[in-house]
Amino acid sequence: LVEEFQAALNLKLVYSKKGLAHQRNVGINHASGELICFLDDDVVIGADFLWRANDLLTQRDMQGVGGITGYDRLHFSQAVNFRWKIRRMLRIVPGLTPGAIDRFGRSIPASFANPFSGCRQVGYLSGFCMIYRRRAISDRRFDEELPTYAGEDRDFSFRLGQEWRLLMCGDLHLEHRPVAESRDNSVERTYQAGFGIGRGFAKYATGAAAGLELLRVAACEFLVDMLAWASSPSLDRLKMPFVRVRGFFTGFKSVKNRASSVKLKGSEI
């Protein structure tokens, strides 16, 4: 049955070592189409999803669009919670516009987006659904130094978005059904998320201001995590402020030569 399915869709099964960023790069290297689609294995799409995505990207007014993502009907339209309101008050995130990102790579969850029709420009694409033009990807590749929950999807799409428009399409519906058992524990994910932010600061920012801003962000995130622990104490929640900060600085130091880091135009969406 698997062989018949592969033959019907002209699929090629490629084996690779572990590592999400590495596997995405292997996929890019083997892909042959004009559109390259990344879908997580826990995403459910309709029978016409890919056809509709293709139709969108072939429209005349979409030629400057480098990538699109769909609208998750299960998890989007989330309310902005207390943690994110505090982050906004402390000015360590670029507002609360869904899908926004700033010049340091700090982003706002796309899941805050309420249902809408049409397409909206965003600063990055969520990894569970990313559809890119091959020519927009060009020679870009995912950062293989980023672990699974450090935002390799955000990092890649952010870089691509400096030259191409990125869109969230409200009528391109899907359902993302993650299973907790298949993921690292919350403490490890917190460390990895911190690592991704720290590495982003080192890659995208220059001068002493980057280090000072990272120190400020680390202090503010420590406060936010401590408030979360105080509201619902547990051992894991107590660990999170410390592992997140450790992740920040480990990620920052992981970029050996900051002088050759990626230089990006623009700032906040």
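What counts, and at which threshold
- Residues numbered from 1 in each chain as written.
- Predicted model: local features only at pLDDT ≥ 70, side-chain atom pairs only at ≥ 80, totals over all residues.
- Heavy atoms only, no water.
- Phe/Tyr/Trp six-rings, centres within 6.5 Å; stacked < 30°, edge-to-face > 60°.
- Helix = DSSP H or I, 4+ residues; strand = E, 2+ residues; numbered from the N terminus.
- Buried < 20%, exposed > 50% of the residue type's maximum accessible area, 1.4 Å probe, protein only.
- Lys NZ or Arg CZ within 6 Å of the ring centre and 35° of its normal.
- Disulfide = S-S within 2.5 Å.
- Patch = residues over 30% accessible without salt bridge, like charges linked within 9 Å, V, L, I, M, F, W, Y side chains within 5 Å.
- Areas by Shrake-Rupley, 256 points an atom, 1.4 Å probe, with all protein chains shown as cover.
- Salt bridge = Lys/Arg side-chain N within 4 Å of Asp/Glu carboxyl O.
- Polar contact = N/O pair within 3.5 Å; in protein donor to acceptor, adjacent residues only side chain to side chain.
- Contact = heavy atoms within 4.5 Å.

A. Representation of the packing of aromatic side chains. Taken as a whole, this structure holds 12 aromatic pairs when the rule is applied. Relative to Phe142, the ring of Phe38 has its centre 5.4 Å away and its plane inclined at 80°; by these criteria the two rings are edge-to-face. With Phe38 in strand 1 (residues 35–39) and Phe142 in the loop between helix 5 (134–137) and helix 6 (152–160), this pair connects stretches of sequence that are 104 residues apart. Taken individually, Phe38 and Phe142 each receive the classification buried, so the pair is uniform in this respect. When the ring of Phe158 is compared with that of Tyr204, the centres are 5.1 Å apart and the planes differ by 85°; the resulting orientation is edge-to-face. Residue Phe158 is located in helix 6, and its partner Tyr204 is located in helix 7 (residues 186–204); the two are separated by 46 residues in the primary sequence. Like Tyr204, Phe158 is buried. Feature note: the residues Phe38, Tyr132, Phe142 and Phe156 constitute an aromatic cluster, connected by ring pairs. Positioned above the aromatic ring of Trp84, the side-chain terminus of Arg87 is 4.5 Å from the ring centre. Over the ring of Phe116 we find Arg120; its NZ or CZ atom is 4.0 Å from the centre of that ring.

B. Main features of the state of the cysteines. Counted by the stated rule, this structure contains zero disulfides. Summary of cysteine pairing: Cys37 is not part of a disulfide, and the nearest cysteine sulfur, belonging to Cys129, is at 5.8 Å. Exposure remark for Cys37: the relative accessible area of 33% places this residue in the partly exposed category. Accessibility expressed as a relative area gives 0% for Cys129, which makes it buried.

C. Highlighting unusual backbone geometry. Backbone geometry places Ser77, a non-glycine residue, at a positive phi of 70°. Of note, Ser77 is situated in the loop between strand 3 (65–72) and helix 4 (82–89). Notably, Ser138 is not glycine yet its phi reads approximately 50°, a positive angle. Within the fold, Ser138 resides in the loop between helix 5 and helix 6.

D. The arrangement of a nonpolar patch on the surface in detail. Where nonpolar side chains cluster on the molecular surface, the patch consists of Phe82, Leu223 and Leu227 and spans about 290 Å² of accessible area. Of the residues examined, Leu227 reaches a relative accessible area of 34% and is grouped as partly exposed.

E. Structural view of the side chain of Arg87. Here Arg87 is to be found in helix 4. Relative accessible area serves as the criterion here: at 7%, Arg87 is assigned to the buried category. Polar side-chain contacts of Arg87 include one of 3.0 Å to the side chain of Glu221. Among all residues touching Arg87, those that are not within four sequence positions of it are Ile92, Val93, Glu221, Val224 and Arg244.

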